[in-house]
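A closer look at the structure
The lines below spell out each chain.
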Amino acid sequence: MEKPAITAIGTKTMAKLAKVFNRCFRRLKTTDGRPSAPLGSRILTNSDDIFKHNMWDHVQWTEEDKEKARQKAEENSLVQIPFPERGKFVSDARHYWDTFYGVHRDKFFKDRTWLFSEFPELLPLNGESQGVDGRDQHAERPTLSVLEREPEARLEGRTNTETLRASPLKTDEAFRGEGAAYRILEVGCGVGNSVIPIVKNIRGKNAFLYCCDFSPCAVQLLKDHPDYDGSVCHAFVHDLCDEEATFPFPPHSLDVILAVFVLSSIHPERMQGVVNRLSKHLKHGGTFLFRDYGRYDFTQLRFKTGRCLSDNFYTRGDGTCVYFFTKEEVHSLFSNAGLTEVQNLEDKRLQVNRKKKVAIRRVWMQSKYRKSPQELYTE
């Protein structure tokens with residue numbers, strides 16, 4: 001593979017940039033119990049050093065780099081899958097992912113230990129809610145023994161589809177995890193590569209984690225994990241694209257929603273509805289955390305002709321799908337759902353295989369959007 005060209009910015013300029021990043025990241029260190037969010041600080045200032053590390057951060061693209069990537073994406077999307085065949089990749093998406101997890105089990109993805117550097121919002125601040133739902137967090141609630149009978153006992157014996165379409169909870173109805181001051185939902189949790197690190201970090205902090213996936217196989221693998229803890233976590237099967245599907249908690253009850261490499265697997269025409277429905281469950285002041293594939297990531301450029309479903313949306317050989325976002329598209333998704341931008345970054349890096357002397361360009365989107373405080377919010 002051709003060695004990626006380094007930006008045309010001069011060495012002195014890059015050295016100054018590296019110093020600025022380092023100074024900024026040192027200032028980000030906090031004393032409130034949360035780690036800083038550095039977003040990467042390893043800057044490549046000399047092309048001769050490219051194979052000294054496995055990853056380089058904040059990589060600049062030249063106009064030539066951008067044009068080559070655009071042409072490559074255009075070439076591999078010239079021949080699209082025939083329209084009559086596209087529907088199965090939407091209607092059978094659960095089957096494809098269930099098969100994926102049945103084959104790979106919990107061996108394919110690594111635990112996301114980086115989560116708390118990039119998303120410190122996942123850690124409760126002094127065990128208190130960061131959102132505002134208009135209710136007293138310390139008011140008397142039903143005991144945990146009562147809550148534990150909901151919703152699993154209530155849904156016992158139903159099929160997966162019936163479970164997903166249980167009666168929606170009312171705001172004043174008891175629900176599992178209600179006694180926690182800080183509540184998190186991870187969507188598309190898979191086998192728990194985010195869940196397990198979060199569970200380990202929220203124990204004893206008056207927090208509760210909900211996590212869902214539409215693959216029953218993945219959810220069961222997660223529940224079988226030795227570190228899964230039902231006292232601070234509830235995993236359940238849920239299809240985000242099913243407009244009738246309900247959650248085991250009421251609207252305006254979550255401090256944080258986490259979606260990591262999830263929305264990209266959904267058909268572009270269905271994404272906005274998914275974000276809209278999820279956002280309704282955030283408390284006023286709650287935060288939606290998002291990380292996913294960016295436009296012209298290496299993953300997109302390596303697709304062969306004939307795997308494209310629509311613009312920037314592809315299917316892999318196993319039937320699972322992936323979309324590649326721009327900053328503008330991400331902003332549109334969340335702002336149209338009534339959320340306010342806190343962070344919307346294009347994370348460009350060089351990923352290096354030092355043994356093979358290969359470096360590839362990675363592009364990821366990383367964003368944070370917040371639901372306005374109640375006094376500023378009207379539905």
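Relevant structure appears above.
Conventions and cut-offs
- Residues numbered from 1 in each chain as written.
- Predicted model: local features only at pLDDT ≥ 70, side-chain atom pairs only at ≥ 80, totals over all residues.
- Heavy atoms only, no water.
- Helix = DSSP H or I, 4+ residues; strand = E, 2+ residues; numbered from the N terminus.
- Buried < 20%, exposed > 50% of the residue type's maximum accessible area, 1.4 Å probe, protein only.
- Axes fitted to C-alpha atoms, helices over the stretch in contact; angles between N-to-C directions.
- Parallel < 35°, antiparallel > 145°, perpendicular 65-115°, else oblique.
- Contact = heavy atoms within 4.5 Å.
- Pairing = 2+ DSSP bridges.
- Right-handed = clockwise from strand over helix to strand, strands pointing away.
- Core = buried A, V, L, I, M, F, W, Y, C linked by side-chain atoms within 4.5 Å.
- Phe/Tyr/Trp six-rings, centres within 6.5 Å; stacked < 30°, edge-to-face > 60°.
- Lys NZ or Arg CZ within 6 Å of the ring centre and 35° of its normal.
- Expected span 1.5 Å × (residues − 1).
- Arc of directions from axis to C-beta.

Structural notes on unusual backbone geometry
Working note: non-glycine residues mostly have negative phi, and peptide bonds are mostly trans. You will see that His58, though not glycine, has its phi angle at about 50 degrees, which is positive. Among the structural elements, His58 can be located in the loop between strand 1 (55–56) and helix 2 (63–76). Judged by its relative accessible area of 21%, His58 falls in the partly exposed class.

Quick notes on the packing of helix 11 (residues 268–279) against helix 13 (residues 327–335)
At a minimum axis distance of 8 Å, the contact between helix 11 and helix 13 shows a crossing angle of 45 degrees. Considering their axes alone, helix 11 and helix 13 lie oblique with respect to each other. On the side of helix 11, the interface is formed by Met271, Gln272 and Val275, while helix 13 contributes Ser332, Leu333 and Phe334.

Section: the pairing of strand 4 (residues 233–237)
Within strand 4, five of the five residues are buried, which leaves it mostly tucked inside the rest of the structure. The sheet contact formed by strand 3 (residues 207–213) and strand 4 spans five bridges and is parallel. Bridging across to strand 4, Cys212 finds its partner in Phe236. As a crossover connection, the stretch from strand 3 through helix 10 (residues 216–223) into strand 4 is right-handed.

A few points about the pairing of strand 6 (residues 282–293)
The element strand 6 is largely enclosed, with a buried count of 12 among its 12 residues. With six bridges joining them, strand 5 (residues 254–260) and strand 6 adopt parallel strand pairing. Bridged to Val260 within strand 6 is Arg291. In this fold, strand 5 hands off to helix 11, which returns the chain to strand 6; that crossover is right-handed. By the bridge criterion, seven bridges tie strand 6 to strand 11 (residues 358–371) in an arrangement that is antiparallel. Paired with Leu289 across the two strands is Lys368, which belongs to strand 11.

Overview of the nonpolar core
With 40 residues, the main nonpolar core has Leu185, Leu263, Leu278, Phe325 and Phe334 as its most contacted residues. Secondary-structure elements contributing two or more residues to this core are strand 2 (182–187), strand 3, strand 5, helix 11, strand 6, strand 9 (321–323), helix 13 and strand 11. Beyond its immediate stretch of four places on either side in the chain, Phe334 contacts Leu263, Val275, Phe288, Phe290, Leu339 and Tyr369. Counting residues in hydrophobic clusters, the runner-up holds 27 residues, among them Phe116, Ile184, Cys189 and Ile202.

Topic: the packing of aromatic side chains
A full pass over the atoms with the stated rule returns 19 aromatic pairs. For the pair Tyr210 and Phe249, a centre-to-centre distance of 4.7 Å together with 50 degrees between the ring planes defines the contact as tilted. Of this pair, Tyr210 sits in strand 3 while Phe249 sits in the loop between strand 4 and strand 5, and the two are 39 residues apart along the sequence. As far as the burial class goes, Tyr210 and Phe249 line up, both buried. Measuring from ring centre to ring centre gives 5.9 Å for Tyr314 and Phe324, while their planes differ by 75 degrees; the resulting arrangement is edge-to-face. In this pair, Tyr314 is assigned in strand 8 (residues 313–315) and Phe324 in the loop between strand 9 and helix 13, connecting sequence segments 10 residues apart. For the pair shown, Tyr314 and Phe324 are each scored as buried. Taken together through their ring pairs, the aromatic side chains of Phe288, Phe290, Phe313, Tyr323, Phe325, Phe334 and Tyr369 make up a single cluster. If you follow Lys348 out to its NZ or CZ, it ends over the ring of Trp61, 4.7 Å from the centre.

A few points about helix 2
With 14 residues, helix 2 extends 20 Å from end C-alpha to end C-alpha; this agrees with the ideal 20 Å at 1.5 Å per step. Regarding helix 2, the residues found buried are Asp65, Ala69, Ala73 and Asn76. Across the axial projection of helix 2, the buried residues extend over an arc of 70 degrees, all falling on one side. Those residues of helix 2 that are exposed and angled more than 90 degrees off the buried face are Glu63 and Glu64.

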